[in-house]
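# Chains, contacts and geometry: an overview
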Amino acid sequence: MILDRIDQRILNLLVEDGRRSYVEIAAELNLSRVAVRDRIQNMKESGIIENFTVVINSERVGKGVSAFFEVDCDPSSLVDVAHSLVEIPDVASCYQMTGPSTLHVHVLVEDFPDLERFINEKLYALDGITRVESHVLLRRFKSRTGLKL
C-alpha cells in the first residue's frame, strides 16, 4: 500500500492521540467518517498500523530506573539470548543492532537494587553473552512511540 497525503495526515493525528475518533479526524481533514474509517482499516490490514496502545509513564507506576544495555553474544546464541530477554517483564525493548554490540536492550525497573538483581540474576545468567555494557538514563528530553510522517 502506498500512502497518500491524507493517509499521512491521518497517521500523524493518530500518533498525537490514538483515541481520536473517526468523526474528529474526518472534521479536521474535511472527509466523511466512513472515508476515515476505511482508510484506517486499510492501513491496519496492510500492516502499516500495527496496534493501538496506551503509553504509560514508567516513573509514575514505580519503574523509576531506566537502563540501556549493549549486549554482545556468540553468534550461535544470538536468537536464543534475544528470545530469553524479551520474555523478561522488565525488558521494554530488545533490538539486534549493527556496530560494536549485538543487542540493544532497554530495561525498566523500580530502583537500583532491582537493577542489580536484573543484571546478576537474569542478564548474566543467560548462556552465550560475551560482554555487557550498561547505561542508566539520567533525564529524558524526548521519547516517541509513534513515527511522525
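Here the structure is shown first, and the text comes after it.
Before going into details, it helps to say that this report is about the structure given with it. (Residues numbered from 1 in each chain as written. Predicted model: local features only at pLDDT ≥ 70, side-chain atom pairs only at ≥ 80, totals over all residues. Heavy atoms only, no water.)

### Concerning the sheet that holds strand 2 (residues 91–96)
Pairing in this open sheet of four strands is antiparallel, and the strands run 2-3-1-4 from one edge to the other. A single partner strand is all that each edge strand has here, and the edge strands are strand 2 and strand 4 (129–136). Sheet twist, expressed as the average angle between the axes of neighbouring strands with direction ignored, equals 20 degrees. Of the pairings in the sheet, the one linking strand 1 (residues 65–73) to strand 4 comprises seven bridges and is antiparallel in character. Residue A67 lies in a different strand from strand 4, and its bridge partner there is V136. Contacts from helix 5 (residues 112–123) reach strand 1, strand 2, strand 3 (103–109) and strand 4, with the element oriented near 20 degrees to strand 1. (Pairing = 2+ DSSP bridges. Helix = DSSP H or I, 4+ residues; strand = E, 2+ residues; numbered from the N terminus. Axes fitted to C-alpha atoms, helices over the stretch in contact; angles between N-to-C directions. Contact = heavy atoms within 4.5 Å.)

### Examining the nonpolar core
Note on soluble globular proteins: their nonpolar side chains tend to be buried together. Of all hydrophobic cores here, the largest spans 20 residues; its most connected members are F69, L85, L103, V105 and F118. Of all the secondary-structure elements, those providing two or more residues to this core are strand 1, helix 4 (78–86), strand 3 and helix 5. Per element, the largest residue contribution to this core is five residues, and it comes from strand 1. Once you skip the residues sitting within four places of it in the chain, L103 turns out to touch F69, E70, V71, C73, L78, V81, A82, L85, C94, Y95 and Q96. L11, L14, I25 and L29 belong to the second largest nonpolar core, which has eleven residues in total. (Core = buried A, V, L, I, M, F, W, Y, C linked by side-chain atoms within 4.5 Å. Buried < 20%, exposed > 50% of the residue type's maximum accessible area, 1.4 Å probe, protein only.)

### Describing unusual backbone geometry
Comment: phi is negative for the bulk of residues other than glycine, and the bulk of peptide bonds are trans. A positive phi angle, close to 60 degrees, is found at N30, a residue other than glycine. Within the fold, N30 resides in the loop between helix 2 (22–29) and helix 3 (33–45). A relative accessible area of 72% places N30 in the exposed class.

### Re helix 2
Of the positions making up helix 2, those classed as buried are I25, A26 and L29. Projected onto a plane normal to the axis of helix 2, the buried residues spread over an arc of 100 degrees and lie on a single side. Set apart from the buried face of helix 2 by more than 90 degrees, the exposed residues are V23 and A27. After helix 2 finishes, the residue N30 shows a positive phi value of roughly 60 degrees. (Arc of directions from axis to C-beta.)

### Concerning the pairing of strand 3
For strand 3, the buried fraction is high: seven of the seven residues fall into the buried class. In strand 3, alternate side chains face the same way, and those of L103, V105, V107 and V109 on one face and H104, H106 and L108 on the other are all buried. Hairpin remark: strand 2 followed by strand 3, antiparallel, with six residues in the connecting loop; positive phi at G99, about 100 degrees.

### What to know about the environment of I6
Among the secondary structure elements, I6 is positioned in helix 1 (residues 5–16). Note on I6: relative accessible area 28%, which makes it partly exposed. When the C-alpha atoms of I6 and R139 are compared, they prove to be 36 Å apart, with 133 residues separating the residues in sequence. Sequence-distant contacts of I6, defined by excluding residues within four places in its chain, comprise L29, L31 and R39.

### Here's the deal with the packing of aromatic side chains
Applying the stated criterion across every chain, the model contains one aromatic pair. With a centroid separation of 5.7 Å and an interplanar angle of 40 degrees, the aromatic rings of F69 and F118 are classed as tilted. Taken as a pair, F69 in strand 1 and F118 in helix 5 lie far apart in primary sequence, 49 residues in all. Neither residue differs from the other here; F69 and F118 are each classed as buried. (Phe/Tyr/Trp six-rings, centres within 6.5 Å; stacked < 30°, edge-to-face > 60°.)

By themselves these figures say nothing about function.
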